[in-house]
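Each chain, written out:
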Amino acid sequence: MKHSSIAISNLDFSYGSSPALNDINLEIPAKSVTAFIGPSGCGKSTLLRCINRMNDEIPIAKITRGGIYLDGIDIHDSSVDVVKLRRDVGMVFQKSNPFPRSIYDNVAYGLRLQGSLPKSVLDQSIEEALRAAALWDEVKDRMNESAFGLSGGQQQRLCIARTIAVKPSIVLMDEPCSALDPIATAKVEELIWDLKAHYTIVIVTHNMQQASRVSDKTAFFYMGNLIEFSETSRIFSNPRVKKTEEYITGRFG
């Protein structure tokens, strides 16, 4: 499996005439967890969605300067297949979004889009994805049941399994635990820590404690600007910028 690094260079992004990101420069290392933190509306989810070009679906959204590079390749180059890009750069959303299908068919969905696979290969790939998502033991005897019968935390781990089944190199997570209780959140956080051995992970979170627990590096955004980016331990113990310190100590946000 390829392990992609992400380079964001001089990126300006706007919704119509409203700037959302200003001159973002960021190097995200492969096989690591990078957290994006900052108050609501600061641009962190917008930047996350730039990485797999999900903002392309919004007519007024556009990059006005700069670029995003995966292993040195500009994701907006005319040679880039957007469907393949979104397979290589998986996305896990804030609210779990299983399909109204069986547990098996949820994980099989992306694999089937790639073409016809022998059932034995499909079965093995699904089991591997569910094991990687720490869900196999809980669902192996329920594979033909509806995904909606799972708990919220299980549904989110199912969505993670569905994302990694197609073997992406990058997994983007947009507040994946915001709708979960503390026990389910702990399971997903433990999973994120395990998955970084195989994937480059970028997580948007409002939860300071979560960022400090799961990430290797943290980027703090404020009003569309990248204020500070460093090792997570440094950001939370000795930030260089006063605004970062004010945010992580709860003085605003």
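About the criteria used
- For every chain, the first residue of the written sequence is number 1, and numbering continues from 1 along that sequence.
- In keeping with the predicted nature of the model, local features appear solely for residues at pLDDT of at least 70, side-chain atom pairs appear and are counted solely at 80 or more, and the whole-chain, interface and lining totals rest on all residues.
- Calculated side-chain values reflect all of the structure's heavy atoms, with hydrogen atoms and water omitted.
- The secondary structure listing takes helices from DSSP runs of H or I that are at least 4 residues long and strands from runs of E that are at least 2 residues long, numbered from the N terminus.
- For a helix, the expected span equals 1.5 Å multiplied by the number of residues minus one.
- Each residue's exposure class comes from its accessible area (1.4 Å probe, protein chains only) as a fraction of the maximum for that residue type: buried when under 20%, exposed when over 50%, partly exposed otherwise.
- Comment: arc refers to directions from the helix axis out to C-beta atoms.
- Whether two residues are in contact is decided by their heavy atoms: any pair within 4.5 Å suffices.
- In this description, a nonpolar core means a group of buried Ala, Val, Leu, Ile, Met, Phe, Trp, Tyr and Cys residues linked to one another through side-chain atoms lying within 4.5 Å.
- In this description, strands pair whenever DSSP reports at least two bridges between them.
- Axis lines are fitted through C-alpha atoms, for helices just across the contact stretch, and the angle between N-to-C directions can take any value from 0 to 180 degrees.
- For this classification, under 35 degrees means roughly parallel, over 145 means roughly antiparallel, 65 to 115 means roughly perpendicular, and everything else is oblique.
- For a crossing to be left-handed, the near helix must be turned anticlockwise from the far one by less than a right angle; the clockwise case is right-handed.

Undergrad: Go over helix α4 (residues 119-132), please, and point to the residues and values.
TA: In this model α4 runs 20 Å from its N-terminal to its C-terminal C-alpha over 14 residues, within 8% of the 20 Å that 1.5 Å per residue would give. Regarding α4, the residues found buried are Leu 122, Ser 125, Ile 126, Ala 129 and Leu 130. One side of α4 carries all its buried residues, which in axial view fall inside an arc of 130 degrees. Where α4 is buried, its residues touch α3 (103-113), α5 (136-139) and α6 (152-165). Just past α4, the residue Ala 134 takes up positive phi, approximately 55 degrees.

Undergrad: Which residues make up the nonpolar core, and what are the values?
TA: Core analysis: the biggest nonpolar cluster contains 43 residues, and Ile 126 and Leu 130 have the highest contact counts within it. In this view, Ile 126 contacts Tyr 104, Val 107, Ala 108, Leu 111 and Met 143; residues no more than four positions away in its chain are not counted. One finds Ile 8, Leu 11, Phe 36 and Val 202 within the second-largest nonpolar core, a separate group that totals 29 residues.

Undergrad: Could you give me a rundown of the pairing of strand β10 (residues 225-231), with the residues and numbers involved?
TA: Here six bridges tie strand β9 (residues 217-222) to β10, and the two strands are oriented antiparallel to one another. Of the residues in β10, the one forming a bridge with Phe 220 is Glu 228.

Undergrad: Kindly report on helix α1 (residues 44-51), identifying the contributing residues and their values.
TA: In terms of burial, α1 is largely enclosed, as six of its eight residues are buried. Listed in full, the buried residues belonging to α1 are Lys 44, Thr 46, Leu 47, Leu 48, Cys 50 and Ile 51. Once α1 finishes, Arg 53 follows within two positions and takes phi at roughly 60 degrees, a positive value.

Undergrad: Describe the environment of Ala 161, and please don't skip the residues or the numbers.
TA: Locating Ala 161 in the fold gives a position in helix α6. The contacts of Ala 161, once residues within four sequence positions are left out, are Val 107, Ala 129, Leu 130 and Ala 133.

Undergrad: Quick rundown of the packing of α3 against α4? Include the residues and the values.
TA: The N-to-C vectors of α3 and α4 enclose an angle of 115 degrees; their axes lie 10 Å apart at closest approach. In this view, α3 runs roughly perpendicular relative to α4, as classed from their interaxial angle. Between α3 and α4 lies a crossing of right-handed hand. Listed contacts from α4 to Tyr 104, Val 107, Ala 108, Leu 111 and Arg 112 of α3 are Lys 119, Leu 122, Asp 123, Ser 125, Ile 126, Ala 129 and Leu 130.

Undergrad: Give me the lowdown on the sheet that holds strand β8 (residues 200-204), citing residues and values where you can.
TA: On the basis of which strands lie adjacent, the open sheet formed by six strands has the order β6-β7-β8-β3-β9-β10 and mixed pairing. Across the chains shown, the open sheet's two edge strands, defined by having one partner strand only, are β6 (89-92) and β10. Adjacent strand axes in the sheet meet at a mean angle of 15 degrees when their direction is disregarded. In the sheet, β6 pairs with strand β7 (residues 170-174) via four bridges, with the strands oriented parallel. If you follow Met 91 over to β7, its bridge partner there is Leu 172. The sheet contacts of α1 involve β3 (33-37), β6, β7, β8 and β9, and relative to β7 the element is tilted by about 155 degrees. Its contacts with the sheet place α6 against β6 and β7, and it is angled at close to 170 degrees to β6.

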